[in-house]
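Coordinate analysis (summary)
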Amino acid sequence: MNFQETCMLILLIASNFVSLQSLNTKQFPANFMFGAATAAHQIEGGWKEDGKGENIWDRIAHSTNAIHNHENADIACDSYHKYKDDVAMLKYLSVDHYRFSIAWSRILPTGFSNHVNEAGVNYYKKLIKALQSNGIKPMVTIFHWDTPQTFENIGGWTNEMIIDRYVDYSRVLFETFGGDVKYWLTFNEPKQICQEGYGAGIKAPGIMSHGFGEYLCAHNVIKAHAKVWHMYNKEFRNKQQGQVGITIDSMWMEPETNSEVDILAAERKMQFTFGWYANPIINGDYPAVMKEFIGRRSILQGYNKSRLPAFTTDEIRYIKGTIDYLGINQYTAMLVRHINDTDKTEISWEADSETFEYQPDYWEATVSDWLKVTPWGMRKQLNWIRATYGDIPQIITENGYPDNGTVSLDERRINYLKQYLSGIRDALDDGVKIIGYTVWSLMDNYEWYRGYSERFGLYRVDFTNPERTRTPKLSAEYFKNVSSTKCIVYVSECIDEVVK
Ligand code: NOJ
């Protein structure tokens, strides 16, 4: 950090002194892991290099107008070539772990396991080795949205054939990298894969099948998750001693009023978002409230059974408890209002919950229209997860703040991180078992259909420069301080207290 940046940082911290009083400034436990996250498609580039196959995001960017400014991830941050720079940045940030994803079609170009792409394997081997020689633990997401196009041609996640293909792919990963990777995440944000990908059609593959597609997709994703967990448990756990979890996202759902109907509506929306995936995986089946609401509406709409597929008794037994730790992506909150939907004619996941959600204008906005700054939601959500599912180890696998390419919003990012981390520290005080925090993102990257217009990085990436130069933002300095001291403020202001 140069002199000017140091002065700015000091000013920044001084200007926050008042809010500092309201922060939980206790030190995090020594074994609490701090890390940074990325995903393959968002950073790697090399979209068809060395034999990589096409995925659904390559296809949508190259053949439609769906993406902001027609931007694609052909080069992105060029991490396929610059992974050593990425590791050097992680090292500089003093992180304990790096969460990244493996691109299915880089390892298996057509998605099928009959042909393993050695160049792809070598790329991840080199990355993992570089992490290990710098003392950084790899945390690997097996699937972060980049379905091989071959499978999408025949229905993608709505075709149950994909379950065994995903298991084959995961087996290749466990066999190839499992000696070195102790933290696996089967899926990233299944709700976005299914609801936005196959219900609302606003993410790749852009299928609009409201009220059907998303439920079919989720059914297959949940079964695929369970099958991979069982495979690891049976064939790899003894040898490799790792853990298999899943990353589930949801916004915190806050009742708009204290009325009983709004309180129930907010709880229902938590079940329709987080519980949709967490409940089967932890307790074996879909949340009772989803079964009730979707079932009732389906019959009233003239179907002879629920649009929500049902698990058999054997499947429930098989899926239940297939989790070693729970990854949580938490960025923001919503206010929820009960809807008195008397005719119940609309067929969609949104309508099925009979709720209405919004973010009031007076909440602090960001450049992402879905993300307002609501740090209080973090503590509430972590406590809700514990109250709903018990003492399962939780790790924040994503949380972060966007800018639009200027550095001027970075002090807001620092404030955001500080307040959310304070909420997590509160949740630790509440007795929630949280083992780590992962900031999204290590560097600016390809924000899916928003292209490069929304940037969450601690490092700025110059996408106009062929070198994709990376420059630390002030928030990188802030986060380095957090991860190296386990304090969200300067060590001198940090209270050294052991967590119960
Ligand atoms: C969730 C996704 O996992 C990640 O890919 C995305 O970039 C961030 N949130 C920010 O929107």
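So, the confidence of the model for the protein
Residues at a pLDDT of 70 or more form 95% of the protein, whose mean pLDDT is 95. Within the model, pLDDT remains below 50 along residues 14-18, and this stretch shows 2 contacts once partners closer than five positions in the same chain are excluded.

As for the packing of aromatic side chains
Taken as a whole and judged by the stated rule, the model has 47 aromatic pairs. When the centroid spacing of 4.6 Å and the interplanar angle of 50° are considered together, the rings of phenylalanine 28 and phenylalanine 32 count as tilted. On the accessibility criterion, phenylalanine 28 (3% relative accessible area) is buried. Assessed through its relative accessible area of 2%, phenylalanine 32 is described here as buried. Through successive ring pairs, a cluster of aromatic residues spans Trp104, Phe112, Phe143, Phe151, Trp157, Tyr166, Tyr169 and Phe187. The cationic tip of arginine 425 hangs over the ring face of phenylalanine 28; the distance from NZ or CZ to the ring centre is 5.9 Å. The ring centre of tyrosine 92 lies 4.4 Å from the NZ or CZ of lysine 480, which sits over that ring.

Thoughts on the site of the ligand
In the region of the ligand, 13 residues are neighbours, and Gln42, Asn188, Glu398, Glu447 and Trp448 sit closest. Contact between the ligand and asparagine 188: an oxygen atom at 2.8 Å from a side-chain N or O atom of the residue. Taking tryptophan 448, its side chain carries an N or O atom lying 2.8 Å from an oxygen atom of the ligand. A majority-of-atoms criterion places the ligand in the largest pocket.

As for the state of the cysteines
Per the counting criterion, the structure on display carries 2 disulfides. Disulfide pairing is shown between cysteine 194 and cysteine 217; the S-S distance is 2.1 Å. On the S-S bond that ties cysteine 194 to cysteine 217, the torsion sits near -65°, and the link is left-handed. Taken together, the positions of cysteine 194 in helix 10 (residues 190-199) and cysteine 217 in helix 11 (residues 213-240) put the pair 23 residues apart, joining distant regions of the chain. For cysteine 217, a relative accessible area of 0% corresponds to the buried category. In the protein, numbering the disulfide-bonded cysteines from first to last in sequence yields the connectivity 1-2, 3-4.

Concerning the sheet that holds strand 3 (residues 137-143)
The 8 strands are arranged 1-2-3-4-5-7-10-11 in a closed barrel whose pairing can be described as parallel. Looking at each pair of strands side by side, their axes are set apart by 25° on average, direction ignored. Against the sheet, helix 16 (residues 376-389) engages strand 7 (325-329), strand 10 (394-398) and strand 11 (434-440), with an angle of about 135° to strand 10.

Digging into the pairing of strand 5 (residues 243-249)
As a general feature of sheets, a regular strand has side chains that alternate between the two faces. Within strand 5, 6 of the 7 residues are buried, which leaves it mostly tucked inside the rest of the structure. Pairing analysis gives 4 bridges linking strand 4 (residues 183-188) to strand 5, with the strands arranged parallel. Residue pairing across strands places tryptophan 184 opposite valine 244, the latter belonging to strand 5. Bridge count between strand 5 and strand 7: 5 bridges; the pairing is parallel. Note that in strand 7 the partner of threonine 247 across the bridge is glycine 327.

Details of the packing of helix 10 against helix 11
Viewed as axis vectors pointing N to C, helix 10 and helix 11 meet at an angle of 145°, and their least axial separation amounts to 7 Å. When the axes of helix 10 and helix 11 are compared, the crossing they make is right-handed. Facing helix 10, whose interface residues are Pro190, Ile193, Cys194, Gln195, Tyr198 and Gly199, helix 11 presents Gly213, Glu214, Cys217, Ala218 and Val221.

Points about the environment of arginine 237
Tracing the sequence through the fold places arginine 237 in helix 11. A residue is classified by how much of its surface remains accessible, and arginine 237, at 19% relative accessible area, is buried. Along the chain, arginine 237 and phenylalanine 174 lie 63 residues apart, while their C-alpha atoms are 9.8 Å from each other. Beyond its immediate sequence surroundings of up to four residues, arginine 237 is in contact with Trp229, Tyr232, Gly242, Gln243 and Asp324.

Remarks on the packing of helix 11 against helix 12 (residues 260-283)
The geometry of helix 11 relative to helix 12 is characterised by a closest axis approach of 10 Å and an angle of 35° between their N-to-C directions. With respect to the hand of their crossing, helix 11 and helix 12 are arranged in right-handed fashion. Taking contact as the criterion, the partners of Glu214, Tyr215, Ala218, Ile222 and His225 in helix 11 are, on helix 12, Phe272, Trp276, Tyr277, Pro280 and Ile281. Broken down by class, the residue content of the contact of helix 11 with helix 12 amounts to 8 nonpolar, 1 polar and 1 charged.

Considerations on the sheet that holds strand 6 (residues 252-255)
Strand pairing in a sheet relies on backbone hydrogen bonds. The paired strands run either parallel or antiparallel. Across the sheet, 3 strands lie side by side as 6-8-9; this open sheet has mixed pairing. Two strands bound the open sheet, and with one partner strand each, they are strand 6 and strand 9 (355-358). Strand after strand, the sheet turns through a mean of 40° between neighbouring axes, direction not considered. Relative to strand 9, strand 8 (residues 333-338) runs antiparallel, the two sharing 4 bridges. If you follow leucine 335 over to strand 9, its bridge partner there is tyrosine 358. Contacts between helix 12 and the sheet are confined to strand 6, strand 8 and strand 9, with strand 8 contributing the most and set at about 125° to the helix. Helix 16 contacts strand 6 and strand 8 of the sheet and is inclined by roughly 100° relative to strand 6.

What counts and how
Residues numbered from 1 in each chain as written. Predicted model: local features only at pLDDT ≥ 70, side-chain atom pairs only at ≥ 80, totals over all residues. Heavy atoms only, no water. pLDDT = per-residue confidence, 0-100. Contact = heavy atoms within 4.5 Å. Phe/Tyr/Trp six-rings, centres within 6.5 Å; stacked < 30°, edge-to-face > 60°. Buried < 20%, exposed > 50% of the residue type's maximum accessible area, 1.4 Å probe, protein only. Lys NZ or Arg CZ within 6 Å of the ring centre and 35° of its normal. Near = heavy atom within 4 Å. Polar contact = N/O pair within 3.5 Å; in protein donor to acceptor, adjacent residues only side chain to side chain. 1 Å grid on protein atoms, 1.4 Å probe; cavity = no way out; pocket = protein on both sides within 12 Å on 5 of 7 lines; lining within 4 Å. Sits in = over half its atoms within 2 Å of the grid points. Disulfide = S-S within 2.5 Å. Helix = DSSP H or I, 4+ residues; strand = E, 2+ residues; numbered from the N terminus. Pairing = 2+ DSSP bridges. Axes fitted to C-alpha atoms, helices over the stretch in contact; angles between N-to-C directions. Left-handed = near helix turned anticlockwise from the far one by under 90°. Nonpolar A, V, L, I, M, F, W, Y, C, P; charged D, E, K, R; others polar.

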